[in-house]
Amino acid sequence: MAALHPRPTRRDLWLTGVLLLLSVGSTFVITMVDPVPTQRDPWPWGYALILAASLPLVVRRSFPCGVGVVVVVAASAYYPLGYPDGLVMLCAAVMLYTLVRHGYRILGWALGIGQFAALNVYEFAFFGTVRPEALGIIAWVLVLLCGAEVMRWRGEYQKAERERVAEAGRTREEELLRRASDERLRLARDVHDTVAHNISLINVQAGTALYLMESEPERAAQALSTIKQTSKDTLSELRGILGVLRAVDEAAPRSPVPGVERLFELVEGTRGAGIEVTLETTGTPQHLPASTGTAAYRTVQEALTNVVRHSGASHARVRIAYAPSALDIEVTDDGHGTVGPPAHGNGITGMTERAAMVGGSVDAGPLDGGGFRVRARLPLDGGERPAAVSADETRTP
């Protein structure tokens with residue numbers, strides 16, 4: 001049902017005024033121009049019924065059921081009492097349409113059919129005849145009610161369509177917000193990976209430079225040179241990430257995202273921190289999707305960062321294996337490892353989430369006999385997520 005209007009609208013005022021004018025005017029004209037001797041003088045009770053049938057239409061949408069009963073009964077009572085045939089029945093027609101159009105279907109149909117039946121039963125009971133135009137009148141009543149039904153169905157369809165469009169708009173907005181949130185999370189990971197790794201290298205090199213400043217100035221100068229290059233690379237990557245944040249209307253970053261082709265630079269930077277790193281590649285190198293290449297680079301970067309910051313290792317090994325459908329990454333070191341399961345901080349969590357975004361998996365844990373290993377498997381074809389590395393495989397040295 002349509003929502004009720006607490007106050008009369010301007011349209012209701014105009015409609016009531018027009019119907020009142022037509023009803024009173026038509027009755028007055030018939031009385032003055034073409035009076036019928038058998039008809040009763042409409043003054044005062046005839047005009048009172050006309051007012052009762054027309055004036056309540058002002059609040060027809062505030063109190064539709066009550067107004068419908070009053071208008072239809074008043075209009076129906078006007079004719080059997082022998083008053084001049086005016087246009088007062090228009091008031092009943094408008095009210096019947098209003099009831100059905102706005103969802104009060106049972107009452108509207110009951111009043112419409114009941115009005116026709118009551119008038120004809122009254123004439124047959126008191127005059128023994130039925131008007132010849134009775135069939136035409138019932139036809140017009142049915143047309144009126146069916147037209148109101150069609151308009152009601154149309155209104156409901158348009159309302160449902162508006163709600164569907166609004167829901168689609170809300171869904172699109174939620175999707176955009178979700179994508180923006182995912183992008184912010186990805187950028188946060190990039191900032192963490194870049195800053196954590198390179199600042200760790202800078203910290204180690206700065207300590208080395210201070211320690212060797214007097215005894216071995218050549219190595220101290222080499223450490224300072226490494227700090228300079230590492231800080232330059234850090235600033236470059238941060239500029240790229242900030243450029244993505246500033247480029248509101250751009251769909252892609254301005255500079256290429258790092259991939260496996262930059263692993264050599266990553267390894268060289270770690271070597272500058274005093275850790276011997278071996279980089280091994282097996283299989284046939286092939287083109288990787290950008291997301292897979294970035295996930296591979298960030299996984300190795302975070303693993304080497306943990307080696308520099310936490311392991312106390314002197315040697316680390318990075319293995320990249322190209323399989324037909326997946327890229328296998330393994331980073332191991334000879335450090336002191338961990339006691340029990342590793343704590344899942346931002347590093348391991350970030351690696352796991354990056355791998356999951358491309359359908360891959362990550363496994364990290366200590367090795368038997370000392371050391372720590374990070375293994376990742378990233379699909380090359382965007383297929384189903386590979387099964388996680390088994391516990392037996394994790395213990396294999």
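Just so you know, these numbers come straight off a predicted model, no measurement behind them.

1. Quick word on the overall build of the chain
Move 1: Scanning the chain for helices and strands turns up 11 helices and five strands.
Move 2: Counting the 397 residues in the chain, one finds 39% classified as buried.
Move 3: About 22800 Å² of surface is accessible on the chain, with carbon and sulfur atoms providing 63% of the total.

2. Topic: the environment of V300
Move 1: One can find V300 in helix 9 (residues 290–311).
Move 2: Considered as a pair, V300 and V374 are 74 residues apart in the sequence and their alpha carbons are 8.6 Å apart.

3. A look at the pattern of salt bridges
Move 1: Going through the model one piece at a time under the given rule, you end up with 14 salt bridges.
Move 2: A salt bridge links E161 to R164; the shortest N-O distance between them is 2.7 Å. Of the two residues, E161 and R164 both sit in helix 6 (residues 134–212), three residues apart, roughly one turn of that helix.
Move 3: By relative accessible area, which is 29% here, E161 ends up partly exposed.

4. Concerning helix 4 (residues 89–101)
Move 1: Taking 1.5 Å per residue, 13 residues should reach 18 Å; helix 4 reaches 18 Å between its end C-alpha atoms and fits that length.
Move 2: Along helix 4, the residues that are buried comprise C91, A92, M95, L96, T98, L99 and V100.
Move 3: In the stretch just after helix 4, G103 is the one whose phi turns positive, near 100°.

5. Looking at the sheet that holds strand 1 (residues 276–282)
Move 1: The strand order across the open sheet built from five strands is 1-2-3-5-4, with neighbouring strands paired in mixed fashion. Strands at the two margins of the open sheet, each flanked by one partner only, are strand 1 and strand 4 (361–366). Looking at each pair of strands side by side, their axes are set apart by 10° on average, direction ignored.
Move 2: Across seven bridges, the pairing between strand 1 and strand 2 (residues 315–322) is parallel. Note that in strand 2 the partner of V277 across the bridge is A316.
Move 3: The sheet strands contacting helix 8 (residues 263–271) are strand 1 and strand 2, and the helix crosses strand 1 at an angle near 160°.
Move 4: Helix-sheet contacts for helix 9 involve strand 1, strand 2, strand 3 (326–333) and strand 5 (372–379), and the interaxial angle to strand 3 is about 5°.

6. Topic: the packing of helix 3 (residues 64–78) against helix 4
Move 1: Running from N to C, helix 3 and helix 4 cross one another at 150°; their axes reach a closest spacing of 9 Å. Put simply, helix 3 runs roughly antiparallel to helix 4. Helix 3 and helix 4 meet at a crossing whose hand is left-handed. Judged by residue contacts, P64, C65, V67, G68, V71, V72 and A75 of helix 3 engage M89, C91, A92, M95, L96 and L99 from helix 4.
Move 2: Looking at the contact of helix 3 with helix 4, its residues break down into 12 nonpolar, one polar and no charged.

7. Some details on the pairing of strand 5
Move 1: Most of strand 5 sits inside the fold, with six of its eight residues counted as buried.
Move 2: Judged from the eight bridges that link them, strand 3 and strand 5 form a sheet pairing that is antiparallel. Counterpart to A326 in the pairing with strand 5 is P379.
Move 3: Where strand 4 and strand 5 come together, six bridges link them in antiparallel fashion. The residue of strand 5 that forms the bridge with V362 is A376.
Move 4: The hairpin turn running from strand 4 into strand 5, its antiparallel successor, is five residues long, and G369 in that turn takes a positive phi close to 90°.

8. Some details on the side chain of D333
Move 1: With respect to the helices and strands, the residue D333 is situated in strand 3.
Move 2: At 2.8 Å, the side chain of D333 and the backbone nitrogen of G335 are in polar contact.
Move 3: Once residues within four sequence positions are removed from consideration, D333 is found in contact with V307, S311, A313, H315, A316, G371 and F372.

9. As for the confidence of the model for the chain
Move 1: Across the chain, the average pLDDT comes to 77, with 80% of residues at 70 or higher.
Move 2: Every residue in residues 247–254 is under pLDDT 50, and counting partners more than four places away or in other chains gives two contacts.
Move 3: pLDDT under 50 marks residues 383–397. Its contacts with residues more than four places away, or in other chains, come to 25 contacts.

10. Overview of helix 9
Move 1: Over its 22 residues, helix 9 runs 30 Å from end to end, which matches the ideal 32 Å to within 8%, given 1.5 Å per residue.
Move 2: The element helix 9 is largely enclosed, with a buried count of 17 among its 22 residues.
Move 3: Within two residues after helix 9, G312 carries a phi angle of roughly 70°, on the positive side.

What counts, and where the lines are drawn
- Residues numbered from 1 in each chain as written.
- Predicted model: local features only at pLDDT ≥ 70, side-chain atom pairs only at ≥ 80, totals over all residues.
- Heavy atoms only, no water.
- Helix = DSSP H or I, 4+ residues; strand = E, 2+ residues; numbered from the N terminus.
- Buried < 20%, exposed > 50% of the residue type's maximum accessible area, 1.4 Å probe, protein only.
- Areas by Shrake-Rupley, 256 points an atom, 1.4 Å probe, with all protein chains shown as cover.
- Salt bridge = Lys/Arg side-chain N within 4 Å of Asp/Glu carboxyl O.
- Expected span 1.5 Å × (residues − 1).
- Pairing = 2+ DSSP bridges.
- Axes fitted to C-alpha atoms, helices over the stretch in contact; angles between N-to-C directions.
- Contact = heavy atoms within 4.5 Å.
- Parallel < 35°, antiparallel > 145°, perpendicular 65-115°, else oblique.
- Left-handed = near helix turned anticlockwise from the far one by under 90°.
- Nonpolar A, V, L, I, M, F, W, Y, C, P; charged D, E, K, R; others polar.
- Polar contact = N/O pair within 3.5 Å; in protein donor to acceptor, adjacent residues only side chain to side chain.
- pLDDT = per-residue confidence, 0-100.

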